[in-house]
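# Structural overview for review
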Amino acid sequence: AVVSTQSTGGIIFFAAQLFGSTVYLLGLLDTIVDSFGQDGGTFTKSLPETGYWPTLYGSALLFVMLIVVLVGAEMFAKTNLVIFVVVLVALGFDFVNFFIQTEKEILPPSSNTLVNQSQYLQYTGWSMVTLLENRGNNYTTDYTTMAPTSFNRVFAVLFTGFTGVFAGANMSGDLKNASRAIPLGTITACCFSYGVYVVLTMIIAATCSRGLLQNDYLFLEHINMIKGVTTAGTICVTFSASLSTFIGASRILEALALDDILGRMLYFVKAGRSRRGNPWVAVLVSWFFIQGLLFAGSLNAISQFVACFSLLTYAVVNMACLALDLAGAPNFRPTFSYFNKYTSLIGFVSSIVMAFIVNPVYASISFGISVMLFVFIMFRTPGSSWGYISQALIFHQVRKYLLMLDARKDHVKFWRPSILFLCKNPRSSIPAICFLNDMKKGGLYVIGTNLSGDISSPGFANRLEEHNLSWLSLIDTLGVKAFVETTISRDLRNGIQNLIMTAGLGGMTPNTVVMGFYDEMESKDFLSEPDQIPSKRKLIQRIRPQHGTTNRAFLDKLIPLSESHRPDARISVDNYIGLVRDVIALRKNLCILRNFHELKRPNFGSGNQIQYIGKYQQRSVIWCTNSSD
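Here the structure is a predicted model, which means the values were calculated and not measured.

## Observations concerning the overall build of the chain
When you go through the chain residue by residue, the secondary structure sums to 22 helices and 10 strands. Split into buried and exposed, the 629 residues of the chain put 42% on the buried side. Sequence separation of 24 or more characterises 75% of the internal contacts of the chain that already satisfy a separation of 6 or more.

## What about the packing of helix H2 (residues 53-71) against helix H10 (residues 229-258)?
Where H2 contacts H10, the two axes come as close as 10 Å, and the packing angle between them is 55 degrees. As summarised for this structure, H2 and H10 are arranged oblique, according to the angle between their axes. Remark: the crossing between H2 and H10 carries right-handed chirality. Contacts from Leu61, Leu62, Val64, Met65, Leu66, Val68 and Val69 of H2 reach H10 at Phe239, Ser242, Leu243, Phe246, Ile247, Ser250 and Arg251. Partitioned by chemical class, the residues of the contact of H2 with H10 number 11 nonpolar, two polar and one charged.

## Quick look at the pattern of salt bridges
Scanning all chains against the criterion turns up two salt bridges. Salt-bridge contacts for Asp454 lead to Arg490; the nearest nitrogen and oxygen are separated by 3.7 Å. Of this pair, Asp454 sits in the loop between strand S6 (445-451) and helix H18 (460-478) while Arg490 sits in the loop between strand S7 (483-488) and helix H19 (492-502), and the two are 36 residues apart along the sequence. For Asp454, a relative accessible area of 29% corresponds to the partly exposed category. One salt bridge connects Asp582 with Arg493, and the closest N-O pair in it is separated by 2.8 Å.

## Section: unusual backbone geometry
Phi angles above zero are rare outside glycine, and Arg587 is one such case at about 60 degrees. Looking at where Arg587 falls in the secondary structure, it is placed in the loop between helix H22 (573-585) and strand S9 (589-594). One non-glycine residue, Asn595, adopts positive backbone phi at about 60 degrees. With respect to the helices and strands, Asn595 occurs in the loop between S9 and strand S10 (621-625). The class of Asn595 is buried, set by a relative accessible area of 13%.

## Some thoughts on the packing of aromatic side chains
Within this structure, the stated rule accounts for 11 aromatic pairs. With 5.1 Å between their ring centres and 65 degrees between their planes, Phe435 and Phe596 make a pair best called edge-to-face. One end of the pair, Phe435, is in helix H17 (residues 430-439); the other, Phe596, is in the loop between S9 and S10, and 161 residues separate them in sequence. Residue Phe435 is classed as buried on the basis of its relative accessible area of 17%. Feature note: the residues Phe14, Phe288 and Phe289 constitute an aromatic cluster, connected by ring pairs.

## Re the side chain of Thr130
Looking at the secondary structure, you find Thr130 in helix H4 (residues 128-133). In contact with Thr130, other than residues within four places in its own chain, are Thr124, Ala205, Ala206, Thr207, Cys208 and Ser209.

## Regarding the pairing of strand S8 (residues 512-516)
With four of five residues buried, S8 lies mostly within the body of the structure. For strand S5 (residues 419-422) and S8, the ladder comprises three bridges, and the chain directions are parallel. Note that in S8 the partner of Ile419 across the bridge is Thr512.

## Considering the packing of H2 against helix H12 (residues 280-293)
Packing of H2 against H12 leaves a shortest axis separation of 10 Å and a crossing angle of 165 degrees. One finds that H2 runs roughly antiparallel with respect to H12. Here H2 and H12 pass one another in a crossing that is right-handed. Along its contact with H2, which presents Ser59, Leu62, Leu66, Val69 and Leu70, the element H12 presents Trp280, Val283, Leu284, Trp287, Ile290 and Gln291.

## Brief notes about the side chain of Lys588
Residue placement: Lys588 occurs in the loop between H22 and S9. Judged by relative accessible area, which is 17%, Lys588 ranks as buried. Within the structure, Lys588 has its side chain in polar contact with the backbone oxygen of Pro510 (distance 2.7 Å).

## Thoughts on the environment of Asn97
On the secondary structure map, Asn97 appears in helix H3 (residues 73-100). Through-space distance from the C-alpha of Asn97 to that of Leu220 is 9.5 Å; in sequence the pair is 123 residues apart. In this structure Asn97 touches Tyr123, Ile223, Asn224 and Met225, once residues within four positions along its chain are discounted.

## Regarding H17
Burial within H17 is extensive, with eight of its 10 residues counted as buried. Considered for burial, the residues of H17 that qualify are Ile430, Pro431, Ala432, Ile433, Cys434, Phe435, Leu436 and Asn437. Downstream of H17 by a residue or two, Lys441 has a phi angle that is positive, lying close to 55 degrees.

Basis of the calculations
Residues numbered from 1 in each chain as written. Predicted model: local features only at pLDDT ≥ 70, side-chain atom pairs only at ≥ 80, totals over all residues. Heavy atoms only, no water. Helix = DSSP H or I, 4+ residues; strand = E, 2+ residues; numbered from the N terminus. Buried < 20%, exposed > 50% of the residue type's maximum accessible area, 1.4 Å probe, protein only. Contact = heavy atoms within 4.5 Å. Axes fitted to C-alpha atoms, helices over the stretch in contact; angles between N-to-C directions. Parallel < 35°, antiparallel > 145°, perpendicular 65-115°, else oblique. Left-handed = near helix turned anticlockwise from the far one by under 90°. Nonpolar A, V, L, I, M, F, W, Y, C, P; charged D, E, K, R; others polar. Salt bridge = Lys/Arg side-chain N within 4 Å of Asp/Glu carboxyl O. Phe/Tyr/Trp six-rings, centres within 6.5 Å; stacked < 30°, edge-to-face > 60°. Pairing = 2+ DSSP bridges. Polar contact = N/O pair within 3.5 Å; in protein donor to acceptor, adjacent residues only side chain to side chain.

This is the structure in structure tokens:
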């Protein structure tokens, strides 16, 4: 289930990257149209901006990004370096401009129909009055979408500026030293961006009137003394952000395909790689989705979706880190010194809360999609080979509670049978295995076997592995809640003695040993003719959905015939009596089963009359002795 959760998070992360790339691309389009559009271009009025023209411009820019990403990570890195230089220059000019620009009156953009086009907007320069007037909130209407603004919408739009925090992790496979570059680059980028945002916000609040901020989203260009610098920086930064999330989406899709998250659905993605390792099929698929999202047409229209998907992604990542920390996994060694389980918990809770604050409807839709993906992956995706965090968590909790379980505090009032079943041949013991599973009443159930041989002999390790896998296959097929313990000894009695003494762990050890009755009857192979055994109908139903057949060859492959099934492998009378004495000497309760091949388990809940042991002509019998006898 935890694997399904992580896989769902990967798919949601892929969707968040697609939405993020589209948002940045739409921001780039807004800048181009406002700067060069026919109706209200700041520099020239040459580009048509009605109908599908903006979408056409966006498609052309997206195609340029596609070429860059298809060339490979090196081209992406070189392009981003040039863009980074341009952005730094533009940002530096903007900061300097605030100190040298005096008061200025600015006409509102032609796209803003909410204000009088002849009414000037005020840039006041440094003013304490302006700073005090900009305190507090005063939400109005967004002139690009005609929707009322609120904290939720403003947060969603601003939050898109931080969704590139995983940009380095998305390209971990293309980095020379990922373990050093990702944390250093991510933390540096976050601190730098946060510092720029805070300083720029304070300067803007002290120099720009509220009317200017609310009615002209490109005011930084309009107040700059050097025309075109801010526009160039805006175009570069939005192009870079869209390009970064584009290549990130393709890498995430490739990872989903390589991990077989959706089975054969993404096989074509896994097969499409260039000689340099560039996943060109994943790039084309990501380009196709972004092109489709581009028809949304407005940045603010999908920014809340981006925020919800991104926050959900961060929640899943924090939950995974929290689970790894709680499990104490030795391979999870974060180098960030301030990380602990509480930071992960705070990050998880705050991400969930903020997703619903941004937009409860979009957050609910995001969670609904996540649940559907979770269910789909759980039931349709084959098991992964990259580990299950659930097993680490279970191990951690079981170890903790086993240490708390004190055998010295056992009391007869809470006694329950904890069974060790000594079984030599699984194929002839199915009725007894199922009966003891019903009898254990929540207690420990261990099925013990002895494998004759020398552990140092060639090929014995493979034989032991096949022996254990055969038993586990039977346990899974029958659906019994039991553990399998195997001892290795040339002498059967010594092997069983070791099994009785070592079975279990800590305070959870068997208190009852169950063994079959000694007789000369030939063992019956229940799996060779399962259709003739009414009690095995459930077994047949369990096998057929998984493998589609119940023929003899398949059953022999699933559970090979035990070597103890041979007549020459039978235990001697002396050894059998010795085993009975050993069980009593070790102060264990002893049960001996006879004629259980005649036992037919009742089908509870079917309305049939319950059948009991001893109802048949050849009766099934249990002899029991108490450890105190």
